[in-house]
Amino acid sequence: MQRGTLIRSAFALVLSCSTALMAKERVVGFTQIGAESAWRTAETESIKSTAKELGVNLKFSDAQGKQENQIKALRSFIAQKVDAIILAPVVETGWEPVLREAKKAKIPVVLVDRGVKVSDESLYATLISSDFVYEGREAGKWLAKRTNGKARIVELQGTPGAAPAIDRKKGFAEGIQEHPDMKIVKSQTGNFNRADGKQVMEAFLKSEGKNIDAVFAHNDDMALGAIQAIEEAGLKPGKDILIVSIDGVKSAFEAMMAGKLNSTVECSPLLGPKAFAAIDRALKGETLEKWIKQEDRVFPQELAAAEISSRKY
Ligand code: GYE
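The structure contained in this document is the topic of the report that follows. These numbers come from a predicted model, not from an experiment.

1. What about the pairing of strand E9 (residues 242-247)?
Among the 6 residues in E9, 6 count as buried, and that is most of the element. Side chains Leu242, Val244 and Ile246 project from E9 onto one buried face, and the interleaved Ile243, Ser245 and Asp247 project onto a second face that is buried too. In this sheet, E9 lies alongside strand E8 (residues 214-217) in parallel orientation, the contact comprising 3 bridges. In the strand pairing of E9, Val215 is matched with Ile243. Each parallel crossover has a hand, and the one from E8 via helix H8 (residues 220-232) to E9 is right-handed. Of the strand pairs in this sheet, E9 and strand E10 (residues 263-266) are connected by 4 bridges, and their pairing is parallel. Bridge assignment links Ile246 to a residue of E10, and that residue is Val265. Running through helix H9 (residues 250-257), the crossover from E9 to the neighbouring parallel element E10 is right-handed.

Here it is in structure tokens:
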């Protein structure tokens, strides 16, 4: 190597090292709801792994299902002067004061997976989520078709006050509204988890006996719990009682292949890349669209075998 070339490459090396040292590490706080479902574990994983790939310092906080813990985490992120915040809000209401504090500190807040109700939309940068009303409506339409518009239905609702619970209930009611012989005979929360889904289904089976034709579960985990309860009651899930749910997690596809679940509506939890892309834009001063929508589709059990290997969560 010639002397001039050598000096030039040494200079380039020093320059690139010092630029790397000068670039400030980005710090992002993420307050997650908890770990109630396979869906949520997949979402946590997506956000953590994207942060790692991008070299972002992620401060992760698990709220164990409690809004008060999320509010505490948000205040601590603000005090630490993080660059941005990702919030997966457990319920829709009660966020306004703390979001104002974040806005005052000029920290953009990106909502993932669930929305909030606030009087001023400028309190958050954007919401990245699926259309839960659509998901519920698709579930209802699928069931109407499968039962020729006649079914006694029990509903396992998600966490009270959570956007996906409110909107999936609304969407499902819309999906079956043209069918007077489709009736929701019981509806109760199973808090989006398998154990509660099983327990509530046991109670439904006790009070309704064999008069249940179908289950609509607001997520797959509760459907999987209901499947257990139905089997323990000596009935065949997927045959004696039809089951439709939402999320599209791997174990739902396995249950469909085993003939125990009849249909699931996909809801992607792989929101990490979109969340950090949104943060990037917000920190550049861009005004984002208020809703970055995930597109989902219905997977009836006939498609399960062909689709299972390409499922990513
Ligand atoms: O469907 C459920 C989870 O907020 C969209 O929360 C999410 C929901 C998801 O626990 O499994």
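2. Here we look at the sheet that holds E9
Strand order across the open sheet formed by 6 strands is E7-E6-E8-E9-E10-E12, with mixed pairing between neighbours. Each edge of the open sheet is held by one strand with a lone partner, namely strand E7 (182-189) and strand E12 (298-300). Going across the sheet, the axis of each strand differs from the next one's by a mean of 20°, ignoring polarity. As paired strands, strand E6 (residues 151-157) and E8 are joined by 4 bridges and run parallel to one another. Bridge pairing in E8 places Val154 opposite Val215.

3. Some details on the packing of aromatic side chains
Across all of its chains, the model carries 3 aromatic pairs by this definition. When the ring of Phe172 is compared with that of Phe216, the centres are 4.1 Å apart and the planes differ by 5°; the resulting orientation is stacked. Highlighted residues: Phe172 in helix H6 (residues 163-176) and Phe216 in strand E8, separated in sequence by 44 residues. As far as burial versus exposure is concerned, Phe172 and Phe216 are alike and both buried. A cation sits over an aromatic face here: Lys48 above Phe60, 4.2 Å from the ring centre. One Lys or Arg, Arg311, reaches over the ring of Phe299 and ends 4.7 Å from the middle of that ring.

Parameters at a glance
- Residues numbered from 1 in each chain as written.
- Predicted model: local features only at pLDDT ≥ 70, side-chain atom pairs only at ≥ 80, totals over all residues.
- Heavy atoms only, no water.
- Buried < 20%, exposed > 50% of the residue type's maximum accessible area, 1.4 Å probe, protein only.
- Helix = DSSP H or I, 4+ residues; strand = E, 2+ residues; numbered from the N terminus.
- Pairing = 2+ DSSP bridges.
- Right-handed = clockwise from strand over helix to strand, strands pointing away.
- Axes fitted to C-alpha atoms, helices over the stretch in contact; angles between N-to-C directions.
- Phe/Tyr/Trp six-rings, centres within 6.5 Å; stacked < 30°, edge-to-face > 60°.
- Lys NZ or Arg CZ within 6 Å of the ring centre and 35° of its normal.

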